[in-house]
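Okay, here's what each chain looks like letter by letter:
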Amino acid sequence: MIAPSLPGLRREIAGASVVDLADTYGTPLYVYDADTVRRRCRDLAAWDTIRFAQKACSNLALLALVRQEGVLVDAVSTGEIHRALTAGYAPHAARQPGPDGLPPAHPIVYTADIFDRDSLDAVVRHGIHVNCGSADMIEQLAERMPGAAITLRVNPGFGHGHSQKTNTGGEGSKHGIWHEEIADVLRRAEWAGLQVSGLHMHIGSGTDLAHLADVAGALERVAVEVGRTLTTISAGGGLPVPYQPDEVRADLSGYFTLWDATRKRLEDRFGHRIRLEIEPGRYLTAESGFVVTEVRAVKKQGSRKYLLVDAGFNTLARPVLYGSYHPMSVCPRSEAPGQAAEEVAVGGPLCESGDIFTQTDGGFVATRSLPTAGVGDLLVIEVAGAYGFVMASNYNSKPLPAEVLVDAGSHRLVRARQTPEDLIRGECL
Ligand code: LLP
């Protein structure tokens, strides 16, 4: 039997047997490890508020899990507001400051660059705090919620992400209120009778601490322009996680110190406490998540060997969208599989050449060194808990996979796999 420690082999996820998981729930399957999520939440305990960008992984069980860790939540749509409320978040904050003198935190914040008609209705109905990414949202909200307090999401004129598609700052990004328009936007808020109580910047997703550090200074400059109505500042999300084997975990203590100093300078200037928020998505859930998939064919195309599995870019879209790297491991069905590692390309079942998990940016097929696997063996795609299930689709009329949470060695279904009936619900002949 191969030792479980052999590189590229994985027989367990958080103490649960991968074979048992596959046999119990079927494949492809998303599996989350609750303890990893808790650990990531606790890494950020120094911040006054951790606000989970639930777009990364919005299963109700995950929302309830982070809520138990004291994490608050961001919502970008009516659907995400609905999820947050269903997971037990209150729609709005207590009115009194806490014992620490900090202003109360909004349990749910709606952050977007537009209100569609539905989301404006939901925000008004539940009294949800709004982080405005476009000035036009100010008058639209004022008409329906006179006197509301708002946050401004500001585009500082620079940004950075793991891909150009996840860079949310600078002229190339549609996001946020342009930093040079602040004076005008403050006038609009005043005319509309809304008070600017929060300031927020998010320059991109999957960036690095060097780029993120530039945000603190940019936010401080805008904060001085906004003035004493400010009670909350948010550093946004974007914290990196290690995907590649040579990547190390970012040291977050220096990052907090930088923001804490920014907050303290603003407190001295304004003469009141300022709540400091961070808004991670990926950081809280990426490493907790795994896609368990089964090898269904092994073939050679000329000199290249392919493993074809039952998950595709309908299951995990990050490789086809961004050329993203996800670690992979093999879980053999038998106790004595061939040990040799081999170079393989890994692809899915979809009728499109781009349905490859081992691709680089631009769609070029690459290979990965993995222990030999045959039909029936399982392949585990790792660090898939952020922007994994939430970006899955029904392409090729494939059902959305099941989701399972492993906690303290036991596992439970937290979302059932879609059925053929689910696939055609709402359609008419
Ligand atoms: N705050 C705002 C306003 C955001 O737009 C986002 C992500 C976050 C926070 C969380 O960013 P994070 O901490 O997760 O980096 N689908 C892409 C990522 C898109 C991110 C969208 N916004 C991916 O798979 O990498």
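Every chain begins its residue count from 1, and numbering advances along the sequence as written. A pLDDT threshold of at least 70 governs which residues receive local features in this predicted model, and a stricter bar of 80 or more applies before side-chain atom pairs are shown or counted, although totals over entire chains, interfaces and linings include all residues. Note that the side-chain values use all heavy atoms of the structure and ignore hydrogens as well as water.

J.: Please clarify how the site of the ligand should be interpreted in this entry.
T.: For each residue, the test is whether any non-hydrogen atom lies within 4 Å of the molecule or strand; if one does, the residue is near. The ligand sits among 20 residues. The nearest are His162, Ser205, Glu279, Arg318 and Tyr387. One of the backbone nitrogen or oxygen atoms of Gly238 is found 2.8 Å away from an oxygen atom of the ligand. Throughout this description, a polar contact denotes any pair of N or O atoms lying within 3.5 Å of each other; where both atoms belong to protein, one of them has to be capable of donating a hydrogen while the other can accept it, and for residues adjacent in sequence the pair is counted only when both atoms sit in side chains. One nitrogen or oxygen atom from the side chain of Arg318 is found 2.6 Å from an oxygen atom belonging to the ligand. Method for areas: the Shrake-Rupley scheme with a 1.4 Å probe, in which residue coverage is limited to the protein chains shown. If the ligand stood free it would expose 590 Å²; the protein chains cover 91% of that surface. Split into classes, the residues belonging to the shell around the ligand amount to 5 nonpolar, 10 polar and 5 charged. The residue classification treats Ala, Val, Leu, Ile, Met, Phe, Trp, Tyr, Cys and Pro as nonpolar and Asp, Glu, Lys and Arg as charged. All others, Gly included, are polar.

J.: Just checking my understanding: could you explain the pattern of salt bridges for this structure?
T.: Side chains carrying opposite charge are able to pair once their charged atoms draw close together. Each reported salt bridge corresponds to a side-chain nitrogen of Lys or Arg within 4 Å of a carboxyl oxygen of Asp or Glu. For the structure shown, the criterion picks out 21 salt bridges. In this structure, the salt-bridge partner of Asp23 is Arg333, at a minimum N-O distance of 2.9 Å. Placement of Asp23 in helix 1 (residues 18-25) and of Arg333 in the loop between strand 15 (328-331) and strand 16 (341-347) is noted, with a sequence separation of 310 residues between them. Notably, a salt bridge pairs Arg40 with Asp43, separated by 2.8 Å at the nearest N-O pair. You can see Arg40 and its partner Asp43 sitting in helix 2 (residues 34-43), 3 residues apart, about one turn around the helix. One connected set of salt bridges, linked through shared partners, spans Asp23, Glu294, Arg296 and Arg333. Strands here are runs of E lasting at least two residues and helices are runs of H or I lasting at least four, both read from the DSSP assignment and numbered beginning at the N terminus.

J.: I'm lost on the packing of helix 6 (residues 136-144) against helix 7 (residues 182-192) in this one. Help?
T.: Think of two packed helices as two axes; the pair is described by the angle between the axes and how far apart they sit. Every axis in this analysis is a line fitted to C-alpha atoms, fitted for helices over the stretch in contact. Angles between the N-to-C directions lie between 0 and 180 degrees. Two numbers describe how helix 6 lies on helix 7: the axes approach to 9 Å, and their chain directions differ by 10°. With respect to helix 7, the element helix 6 is oriented roughly parallel. For the pair helix 6 and helix 7, the contacting residues are Asp136, Ile138, Glu139 and Ala142 in the first and Val185, Arg188, Ala189 and Ala192 in the second. Taken together, the residues of the contact of helix 6 with helix 7 sort by class into 5 nonpolar, no polar and 3 charged. Comment on the angle field: the value is read as roughly parallel under 35 degrees, roughly antiparallel over 145, roughly perpendicular from 65 to 115, and oblique elsewhere. Residue contacts are counted whenever heavy atoms from the two residues lie within 4.5 Å of one another.

By themselves, these are just geometric observations and shouldn't be taken as functional.
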